[in-house]
Amino acid sequence: MSGNQSATLEEGVMPRGQRCALEWIRSGKKHLLIGGQWVAAASGKTFETINPATEEVLTRVAEADSHDVDTAVAAARRAFEAPSWSGISPHERALYLLRIAEGIEAHAEELAAIESLDIGAPLSFTRGQVAATAERFRYYAGWTSKIHGTTNASDASRFIYMVREPMGVCALINAWNFPLVMAASKLAPALACGNTMVLKPAEQSPLTTLRLGELIQEAGVPAGVVNIVQGHGAIVGAAMAGHPDVDKIAFTGSTAVGRSIVQASAGNMKKATLELGGKSPNIIFPDADLEQAIKASALAFCRNSGQICSAGTRLLVHESVYDQVAAGVVATASVFKVGSPFALDTDLGPLISARQMDRVLAYIDTGKKEGAELMLGGSRVGEVGFFVEPTVFANVTNEMTIAREEIFGPVLSIISFKDEADAIAQANDTPYGLAAAVWTRDVSRAHRMMRAIKSGRVWINTYAEGDPVMAIGGYKQSGYGREMGAESIDAYTQTKSVLMRL
């Protein structure tokens, strides 16, 4: 444990960004953004948002229900049909996205501190997330003038062409582990394509999304284009998914909830994109740069305390280097510091909630009972805050519960394989297909593995690197559709074919 896990920002001299974060959290009521106004929930209800490092209440925010969703969708529909949004040029739309990016960068330290307080991630991590958020808005600002249709071959008596148009009102529902960058991953392309939207942040971590809403207003985006309704998923998310005047839904979260989203959205046949759970294989061959592979593999399951759907929680290692790699990963992860998100040497902050901590600890107990060898960690750290040690299991088989189910915590299963065919078979023996990695110096093997692995993303000799041009999405029960890259333009537009008789 590094430092005092219950240390607060009150102690010592506080950096300006962190002071601004606390001032914003404590200032005023955190309402819903509907039709360009910050309003209380129709019911008057609020709920607490908790600092997972201290278990203290940060603030209370308005708790939306289905009535608020109706109001927000109506506001989004009016904004979509208004000339001030649907009629503007793509170059003007780009300026809005660029101004949002500039606002994010101007408040970067404040946003990073709010995110660290709300989700418990180390400040070094959330700073990177803020930078990635601004980058997404800049990337899609460049797309606004490049969304085009096609002309089709025809005889001289006809002109046949296709135009690409916005979907309309989009319902955007996010998970709690990357609240700010997830918001940008949906908002930026949806705005670039000319849509309007209702955004629901996760109830566990709504604060940076609300601050982003203020920055969007400051950028001059017309009222009603972006609406924010925080509340419980079973009520607000379900109302958004089933709403008859929503044209498109984008959801990031668990596979179980994704199924319910699909069922609810079927009423008016909404177009949907789903980025769901994962149990990603990270495969190390004996010819790999083992030093780099070991370092990256430790980070792959510990980054954001393992609360990443594409975390490398199944480490598949060739039997000839299994002991060396297992020992190396344990040695690397054993020096990771667990502690306050604001301590400079912290590597892992807390899990998001007591419920999530208990869930992770239950999986660790299951791993022990099923015969996996606990090589590192396995316990809660301290008595205040939802901290769990980096935990490594060896001698895991792919049939064990800890190798099959998404744990969403810093828990690694190390699995042995015999050869390339065995690695492929075990990598694909999962209901998920979100991400994977292959470590090898053999270029031919790298390409064979890439083609054989059933996964939406594959990294070669690296793990978890990203770029706005790189699409995100899964195979199998990891969802369908894609976010980021050019694929997001497809996700937030629809095509219309036109035939003109000349």
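Quick look at the structure, then. (Residues numbered from 1 in each chain as written. Predicted model: local features only at pLDDT ≥ 70, side-chain atom pairs only at ≥ 80, totals over all residues. Heavy atoms only, no water.)

**Observations concerning the sheet that holds strand S22 (residues 493–501)**
Note the following rule: One requirement defines pairing of two strands: DSSP has to find at least two bridges between them. By definition, any uninterrupted DSSP run of H or I lasting at least four residues is a helix, any uninterrupted run of E lasting at least two residues is a strand, and each is numbered from the N terminus. Each axis is a line fitted through C-alpha atoms, and for a helix only the stretch in contact is used; angles between axes span 0 to 180 degrees, taken between their N-to-C directions.
Overall, antiparallel pairing links the three strands, which are arranged S5-S6-S22 in an open sheet. Of all the strands in the sheet, just strand S5 (150–152) and S22 have a single pairing partner and so form its edges. For this sheet, the mean inter-axis angle between neighbouring strands, taken without regard to orientation, is 25 degrees. Strand direction decides the pairing type here: strand S6 (residues 158–166) and S22, joined by nine bridges, are antiparallel. Residue pairing in the sheet places Met162 in a bridge with Ser497 of S22.

**Some words on the sheet that holds strand S13 (residues 314–318)**
This is how it is decided: Residues count as neighbours in contact if any of their non-hydrogen atoms are within 4.5 Å of one another.
Taking strand neighbours across the sheet as the criterion, the seven strands line up as S14-S17-S18-S13-S12-S19-S20 in an open arrangement whose pairing is mixed. In the strand order of this sheet, the two ends are held by strand S14 (373–376) and strand S20 (457–460), each with one partner. Recorded for the sheet is a direction-independent mean angle of 25 degrees between the axes of neighbouring strands. Pairing analysis gives four bridges linking strand S19 (residues 435–439) to S20, with the strands arranged parallel. Within S20, the position partnered with Ala436 by the bridge is Val458. Sheet strands in contact with helix H11 (residues 290–302) are strand S12 (281–284), S13, strand S17 (391–394), strand S18 (411–417) and S19, and its direction is about 165 degrees off that of S12. Lying over the sheet, helix H15 (residues 420–428) contacts S12, S13 and S18, oriented at roughly 145 degrees with respect to S18.

**Points about the nonpolar core**
What counts here: For the purposes of this section, nonpolar cores are sets of buried Ala, Val, Leu, Ile, Met, Phe, Trp, Tyr and Cys residues that join through side-chain atoms within 4.5 Å. Each residue's exposure class comes from its accessible area (1.4 Å probe, protein chains only) as a fraction of the maximum for that residue type: buried when under 20%, exposed when over 50%, partly exposed otherwise.
Of all hydrophobic cores here, the largest spans 60 residues; its most connected members are Ile100, Ile104, Phe137, Leu187, Leu191 and Leu212. Per-element tally for this core: the top contributor is helix H7 (residues 179–192), with eight residues. Setting aside residues up to four positions removed in sequence, Leu191 forms contacts with Trp85, Arg93, Leu97, Ile100, Phe137, Met197, Val225 and Val226.

**Here's the deal with the packing of helix H4 (residues 90–106) against H7**
For the record, the criterion: With respect to orientation, any angle under 35 degrees is reported as roughly parallel, any angle over 145 as roughly antiparallel, any angle of 65 to 115 as roughly perpendicular, and every other angle as oblique. Charged residues are taken to be Asp, Glu, Lys and Arg, nonpolar residues to be Ala, Val, Leu, Ile, Met, Phe, Trp, Tyr, Cys and Pro, and polar residues to be all remaining types, Gly included.
Between H4 and H7, whose axes approach to 9 Å, the crossing angle comes to 160 degrees. Regarding the angle of H4 to H7, the classification is roughly antiparallel. Residues Arg93, Leu97 and Ile100 of H4 touch H7, and the partners they reach there are Ala188, Leu191 and Ala192. The residue makeup of the contact of H4 with H7, split by class, is five nonpolar, no polar and one charged.

**Looking at the layout of surface pockets**
Applicable threshold: Cavity means a closed set of points on a 1 Å grid over the protein atoms alone, one where a 1.4 Å probe fits but cannot get out, pocket means an open set with protein on both sides within 12 Å along at least 5 of 7 lines, and lining means a residue has an atom within 4 Å of a point. Grid points are joined across faces, edges and corners, and a volume is the space filled by probe spheres set on the points.
Considered as a void within the structure, the largest pocket measures approximately 990 Å³ in volume. Residue lining of the largest pocket: 39 residues in total, with Trp176, Gln204, Gly253, Ser254 and Val257 positioned closest to the centre. Going through the elements one at a time, helix H9 (233–242), strand S10 (248–252), helix H10 (255–265) and helix H13 (354–369) are the ones with two or more residues in the lining of the largest pocket. Per-element accounting of the lining of the largest pocket gives the leading share, six residues, to H10. The residue inventory of the lining of the largest pocket, partitioned by class, reads 19 nonpolar, 13 polar and seven charged. Here the second largest pocket is characterised by a volume of approximately 560 Å³. Lining of the second largest pocket is provided by 28 residues; of these, Arg136, Phe178, Val181, Arg303 and Ile472 occupy positions nearest its centre. Contributions of two or more residues to the lining of the second largest pocket are made by helix H6 (123–141), H7 and S20. The leading source of residues in the lining of the second largest pocket is H6, at six residues.

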